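So the chains spell out like this:
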Amino acid sequence: MNIGILLVIFIAATLVGYKLISDVPSLLHTPLMSGMNALSGVTVLGAIVATAAAVMLSSKILGCIAIVLAMVNVVGGFMVTDRMLRMFKSKG
Amino acid sequence: MKCGFYEIVSIAVVFSVLLGIKLLSSPKTAVAGNRIGALAILAAIAMVLVHGEILDIKLVIASLIAGSAIGVFFAVRVTMLKIPQLVALLNGFGGLASLVVAFMILENPNSGYGSINLIASQIAIAVGGVTFSGSIIAAGKLDKKISQLPVVFRGQSSASLALLAAMAGGIVGILYADQSWRIVLAIWMIVISNAFGIIFAIRIGGADMPVTISLLNSLSGVAASICGFAVSDPLLIAVGAVVGASGLILTRIMCRAMNRSLAEILAGRTSVGKNAPAAVITQEVADTARAKQDLDPGKKFAEIATILADAKRVIVIPGYGMALSQAQGRVKQLYDFLDSRGADVRFAIHPVAGRMPGHMNVLLAEVDVPYEKLCEIDDINPAFPETDVVLVVGACDVVNPMAITAEGTPIYGMPILHAHEARRVIVCNLDEKPGYSGVENPLYRKENVLMALGNAEETLSRIIEALNMVTK
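Residues numbered from 1 in each chain as written. Chains lettered and ligands numbered in written order. Predicted model: local features only at pLDDT ≥ 70, side-chain atom pairs only at ≥ 80, totals over all residues. Heavy atoms only, no water.

## Observations concerning the packing of helix α2 (residues 29-40) of chain A against helix α4 (residues 83-107) of chain B
So, step 1. Running from N to C, α2 of chain A and α4 of chain B point in directions that differ by 25 degrees, and their axes come no closer than 9 Å. Taken together, α2 of chain A and α4 of chain B sit at an angle that is classed as roughly parallel. Here α2 of chain A runs over α4 of chain B; the crossing is left-handed. Contact with α2 of chain A, carried on its side by T30, M33, S34, N37 and S40 of chain A, involves I83, V87, L90, N91 and G94 of chain B of α4 of chain B and no other residues of that element. (Axes fitted to C-alpha atoms, helices over the stretch in contact; angles between N-to-C directions. Helix = DSSP H or I, 4+ residues; strand = E, 2+ residues; numbered from the N terminus. Parallel < 35°, antiparallel > 145°, perpendicular 65-115°, else oblique. Left-handed = near helix turned anticlockwise from the far one by under 90°. Contact = heavy atoms within 4.5 Å.)

## Quick notes on the pattern of salt bridges
So, step 1. Here the structure, examined in full by the defined rule, presents 16 salt bridges over all chains.
So, step 2. The residue D23 of chain A makes a salt bridge to K19 of chain A at a minimum N-O spacing of 3.5 Å.
So, step 3. Given the relative accessible area of 39%, D23 of chain A is considered partly exposed.
So, step 4. Taking the shortest distance from any N to any O, the salt bridge between K60 of chain A and D56 of chain B comes out at 3.7 Å. Here D56 of chain B lies in the loop between α2 (30-51) and α3 (57-77) and K60 of chain A lies in helix α4 (residues 57-87), a pairing that spans two chains. (Salt bridge = Lys/Arg side-chain N within 4 Å of Asp/Glu carboxyl O. Buried < 20%, exposed > 50% of the residue type's maximum accessible area, 1.4 Å probe, protein only.)

## Side note on the interface of chain A and chain B
So, step 1. Taken residue by residue, the interface counts 77 residues in chain A and 100 residues in chain B.
So, step 2. The tally of links from chain A across to chain B stands at four salt bridges.
So, step 3. For D339 of chain B, the salt bridge goes to K91 of chain A, with nearest N and O atoms at 3.3 Å.
So, step 4. At the junction of chain A with chain B, the criterion picks out 22 residue pairs in polar contact (both at pLDDT 80 or more).
So, step 5. Mapped by element, the contributors of at least two residues to the side of chain A that touches chain B are α1 (3-22), α2, α3 (43-52) and α4 of chain A.
So, step 6. Looking at the side of chain A that touches chain B, the element that brings in the most residues is α4 of chain A, giving 28 residues.
So, step 7. Classifying every residue of the side of chain A that touches chain B gives 50 nonpolar, 20 polar and seven charged. (Polar contact = N/O pair within 3.5 Å; in protein donor to acceptor, adjacent residues only side chain to side chain. Nonpolar A, V, L, I, M, F, W, Y, C, P; charged D, E, K, R; others polar.)

## A short note on the environment of S98 of chain B
So, step 1. Along the polypeptide, S98 of chain B turns up in helix α4.
So, step 2. Each C-alpha atom, one on S98 of chain B and one on G129 of chain B, is 8.8 Å from the other, the two residues being 31 residues apart in sequence.
So, step 3. If sequence neighbours within four positions are ignored, S98 of chain B has contacts with T43 of chain A together with A223, A224 and C227 of chain B.

## Some remarks on unusual backbone geometry
Most of the time, phi is negative for any residue but glycine, and the peptide bond is trans.
So, step 1. In this model, Q326 of chain B sits at a positive phi of 55 degrees, which is unusual for a non-glycine residue.
So, step 2. With respect to the element layout, Q326 of chain B can be found in the loop between α13 (320-324) and α14 (328-340).

## Section: the domain arrangement of chain B
So, step 1. In terms of domain boundaries, chain B breaks down into domain 1 (1-77), domain 2 (83-266) and domain 3 (283-470).
So, step 2. Distance from the C-alpha centre of domain 1 of chain B to the C-alpha centre of domain 3 of chain B: 43 Å. (Domains from an automatic or database assignment.)

## Here we look at the packing of aromatic side chains
Residue and element names in this part refer to chain B.
So, step 1. Summed over the entire model, instances satisfying the criterion amount to four aromatic pairs over all chains.
So, step 2. One aromatic cluster in this structure is built from F73, F74 and F93.
So, step 3. We note R355 situated over the ring of Y320; from NZ or CZ to the ring centre the distance is 3.9 Å. (Phe/Tyr/Trp six-rings, centres within 6.5 Å; stacked < 30°, edge-to-face > 60°. Lys NZ or Arg CZ within 6 Å of the ring centre and 35° of its normal.)

## With respect to the layout of surface pockets
Residues and elements named next belong to chain B.
So, step 1. Counted as a void, the largest pocket has a volume near 1,100 Å³.
So, step 2. Together, 41 residues line the largest pocket, and Y320, R355, C396, G435 and Y436 are the ones closest to its centre.
So, step 3. Here the residues of the lining of the largest pocket sort into 21 nonpolar, 14 polar and six charged.
So, step 4. Of the domains in this structure, domain 2 (83-266) and domain 3 (283-470) are the two that each give at least three residues to the lining of the largest pocket. (1 Å grid on protein atoms, 1.4 Å probe; cavity = no way out; pocket = protein on both sides within 12 Å on 5 of 7 lines; lining within 4 Å. Points joined across faces, edges and corners; volume = space filled by probe spheres on them.)

This is the structure:
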């Protein structure tokens, strides 16, 4: 894909993300952060693609490490966020 | 990359993630928002598994399951006190994952990637390496595995600059390198970036952690996004950018709340200012303090209990001391007691109270304090003059009036909670020492302030005991 389009995607995502996240109240900043942890695990997609093409054993091992690390982020991040958010209760 | 299907699913995933974040703006919808985000990422993984041509699918699936299992283990086991450590650790894992993927691209001789991919890979290694080692140090400091004190050595700034220059060299050099030199440069970058991360993180002290974690959170997203440039995947770019933006917002909020600029923190000027007035307690302060301490403890708790029993409007100000002594359960007990007597009890949460953004809110939510009672600084500050009693639990700098009056001190200009404007103040801190800023807190010696020093959990249980006696 054209580098120009990729840059536009990067800038657009940053701006939209910035706008939406500004509206998250400080009450929820800890779960926001752990949720963002989970999202940064999206690297797992790159890890799968890189591992898919791997032929050498060393590359396969590296790929597995990357997938495991990113998956810890995705699953650990979303689960702990869910756990925290369920604790926030309204009065009565 | 195959056209059509992949792009459409990618757009759907990005929109779901953004919708999920939108729902995070209210605690009522936040659980659903988080789940939508999780489903979107899982759908993206499933799509790549089905759609990509994977040589060794069993290996990939086994890795996915192993990572998920470790993630579940972390998420179930962690206590709310230790959330900052977990978040720091996960930031580090995210950075390392991006680093490894970028390294694989440089290492693969048949990748057929262009120069933009190569440069992006080197930058992803750089950012990923800094994120990884910085986060591991931060997590170690938070978990007290390594000293929380800032480590500063001579020539630290020059060393940082030299490492930055070395990283820039590694990025430019990759364009001129053949295959074997690419691997050398990639390994070079791994070493240099990790060294930079270590030097950056060791000079950050305990109370600067909210800023550091926010910044590392941002960097873990930036690493993922740049990794997206390296593999030309718009989905990675977009989601990584959102994470980067989020961390940036939190970093800015934390900097403002600590009265520091990001540049200062990046330059490693820790908030323990060298020209800060030392923690000299004047004779007068020492005398009043002793006089207050000399008050018979039984009488003192009876007095505190009477004040609380008569109060109509109460504001509780929690700090990291509450977390450390695990006093939140007692705080809730006290809240229930006063609430049942018809008093209006609210909590004033300073943005940097605790070790990460929002830490106090999570601790109080865990013990079932309704979230309507957790107030932000700007909303609650006008209410202090009308407040009968302020109860400070393990907080110091965030209620230090020197931030308003004492020009030249490190905390001057920092937004604080105006506890000093309330009719009475009860301070349940461990001791009277200055907080992290090193600035002495004159609130403690005001006439209308009662000091109940010691472990907050024990102090509060004695106050509750006394309250039961008084109101019988």
